[in-house]
Amino acid sequence: MSTSSHEKHVDDNLHIAQEVTRRDQTTLAAELSEVAVIAEGEDRTTIFVWLLVCVSSISGLLFGYDTGVISGALVTIGSDLGPSQLSNIQSELITSATTLGALLGGLVAGMLSDYSGRKPVLGIADVVFIGGAIAQAVCHTVPAMIGGRFLIGIAVGLAACIAPLYIQELSPTRLRGRMVTLNVVAITGGQVIAYGIGAAFEHSHGGWRWMVGLGCVPAGLQFMLLFLLPESPRIMIRTGNQEAAKRIMQKIYAYATPEQIELKVMVLTAAVQEAIDITNSTTLAQRLYSIFFVPVNRRALIIGCGLQAFQQLCGFNTLMYYSASLFKSIGFNNPTAVGLIVAGTNFVFTLVALKYIDIVGRRRIMVWTSPGMIFGLTLAAISFHFLTIRTNSQLVDGTKYPNSWSALVLLSMIIFVASYATGLGNVPWQQGELFGLEVRGIGTSLATATNWGANLIIGSTYLSLMNKITPSGAFGFYAGLCLIGWLFCLFCYPETAGLSLEEVSAIFRHGFGVRESQRMRRKKQELKLRQKTDQV
């Protein structure tokens, strides 16, 4: 394409952007974002982007470590907290305290970050992480342990909500899914590290104190590194610091021309200005009302909360919390090491999601991997049925179970976890892209709270469920919930890969946007092809 035609193309795009003050804000923001994606022409990341994603993902590492470490700790605490052996109720309380704290932390995180910014909330989470880790390491009673786990839970809730949101708002559009998935990779990596440390300290007296106390190390590291990171450019524009936002955009899109950066900032300003107008003209109570009763926001909330509920109600986190206890019950001599196999599978297949989430798309991954979860859980239910025939369908510690059925239980768990990690373990954390900026903090808070609320239900009922309806019945029940979740994805979850944050909000205007998202993605592909043709 000649220099004059290129300049004309840029001038035309800038002219479109400048019309933002004279047209309907909502419609134009969606139109502009399509032009901006074409104008930027970038799918490469910079050292700056990698730095901010890696530092932010330490939150994911802490999330994974502190949820995974309890599995090994529960089987090694012994009489260190008073009782000669923890009861089922005490184990459930220690486990569920983290989930309750995370529920409360997640509920306030997004709304708090709308006022203070994303970065300060991550710093608060680090401080609470450190306090909770130390409190657990020095405790000598069950109530004190529960209190320490509750503090950890608050930090996990804050970090789990804000880290993906912060990464989304600082990532290039085309790589947004992959960048957020790096945070999930860090979560699974934290779980692997937790299981590895648990196996190392399994036979050490008081080793569980080291397991839980070491969580303060990455928290302290992230707290210091946060001073090197910027605030989200959307928050900067919202607070009137447009020049600082422009400098950050130049670092994110380091290969773009000045004209393309200018266009990108104009598009972002158009979308943010609409959110500012709504925020300035409404109260928090009115925005809370709008997310439930404005159709566009309500549909986004149903999908965000639905996916997060699906992620927990499938029963995956019961494996993270109780896998060592479960594998000990079915006869494995080194249950924490066997649990490491499950955590390792989770980590490896999260890397698969990292590679393909932006290529294959969120919806397709969910639709394709959910049947694998259903199959794995169904196989587990069948295996537990035949495994426990001689013990009246219950797991009894000390019983010598057939190795073949124990191995099949492990295989079914690996199939389930591999399918989960490829899809459901990652996709729900893309939740921030579903909401418009004016309700993004509230929406992500409610979706994250749904995650932890469902987690609380599953974590606090797992052992009781295993006793009441047998292990076979419990895993069959989880398989049924997965089937419902799969149907939800088929009929309600639209494809958001490749769409900007502003475009995603537009697809919910006339329904759940399953067809509209496909239409918008086809239109963008046509525009990209047209631009490539013009450049030849």
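Up top you'll find the structure we're talking about.
Just so we're clear, the structure is a prediction, and the values are computed from it rather than from any experiment.

Undergrad: Could you give me a rundown of the overall build of the protein chain, with the residues and numbers involved?
TA: Counting secondary structure elements, the protein chain contains 22 helices and zero strands. The C-alpha atoms of the protein chain give a radius of gyration of 24 Å, which matches the 24 Å a tight globule of 536 residues would have. Each principal axis of the C-alpha distribution contributes one length, and for the protein chain these read about 80 × 40 × 40 Å. Buried residues in the protein chain amount to 60% of all 536 residues. When contacts within the protein chain are restricted to residue pairs at least 6 apart in sequence, long-range pairs at least 24 apart make up 82% of them. Counting 39 positive and 33 negative side-chain charges, the protein chain places the centres of these two groups 6 Å from one another.

Undergrad: Could you give an account of the packing of aromatic side chains, with specific residues and numbers?
TA: Per the counting criterion, the structure on display carries 11 aromatic pairs. For the pair F316 and F416, a centre-to-centre distance of 6.4 Å together with 50° between the ring planes defines the contact as tilted. With F316 in helix 16 (residues 316-329) and F416 in helix 19 (residues 403-422), this pair connects stretches of sequence that are 100 residues apart. Here F316 matches F416 in class, with each residue buried. Ring centres of F384 and F475 lie 5.1 Å apart, and the angle between their planes is 25°; on these two criteria the pair is classed as stacked. Of the two residues, F384 sits in helix 18 (residues 362-387) while F475 sits in helix 20 (residues 437-492), which places them 91 residues apart along the sequence.

Undergrad: Kindly report on the nonpolar core, identifying the contributing residues and their values.
TA: Residues M145, W208, M413 and F475 are the most contacted members of the largest nonpolar core, which totals 81 residues. A per-element tally of this core places helix 20 first, with 17 residues. Aside from chain neighbours lying at most four places away, what touches M145 is I70, I77, L81, I94, Q136, C139, W208 and V212. With 58 residues, the next largest nonpolar core counts I58, Y166, A244 and A256 among its residues.

Undergrad: Before we move on, can you summarise unusual backbone geometry with the specific residues and values?
TA: Look at N392: it is not a glycine, yet its phi comes out positive at around 60°. You can see N392 is positioned in the loop between helix 18 and helix 19. N392 sits in the exposed class, given a relative accessible area of 66%. One non-glycine residue, T470, lies in positive phi territory at about 75°. Inspection of the secondary structure assignment puts T470 in helix 20. In this structure T470 comes out as buried when scored by relative accessible area, which is 18%.

Undergrad: Can you break down the environment of I261 residue by residue, with the values?
TA: Mapping I261 onto the fold places it in helix 13 (residues 258-281). Considering only alpha carbons, one finds I261 and R209, 52 residues apart in sequence, at a separation of 51 Å. Apart from residues no more than four positions distant in its own chain, I261 is found in contact with K246, M249, Q250, Y253 and A256.

Undergrad: Tell me about helix 18, and please be specific about residues and values.
TA: Relative to the 38 Å expected for 26 residues at 1.5 Å per residue, helix 18 spans 37 Å between its end C-alpha atoms, a close match to the ideal helical length. The largest bend along helix 18 measures about 25° and falls at T369, with the proline P371 one to four residues further on.

So, how was this worked out
Residues numbered from 1 in each chain as written. Predicted model: local features only at pLDDT ≥ 70, side-chain atom pairs only at ≥ 80, totals over all residues. Heavy atoms only, no water. Helix = DSSP H or I, 4+ residues; strand = E, 2+ residues; numbered from the N terminus. Rg over C-alpha atoms; globule rule 2.2 N^0.38 Å. Buried < 20%, exposed > 50% of the residue type's maximum accessible area, 1.4 Å probe, protein only. Contact = heavy atoms within 4.5 Å. Lys, Arg positive; Asp, Glu negative; His and termini not counted. Charge placed at Lys NZ, Arg CZ, Asp CG, Glu CD. Phe/Tyr/Trp six-rings, centres within 6.5 Å; stacked < 30°, edge-to-face > 60°. Core = buried A, V, L, I, M, F, W, Y, C linked by side-chain atoms within 4.5 Å. Expected span 1.5 Å × (residues − 1). Bend = angle between axes of the 7 residues up to and from the residue.

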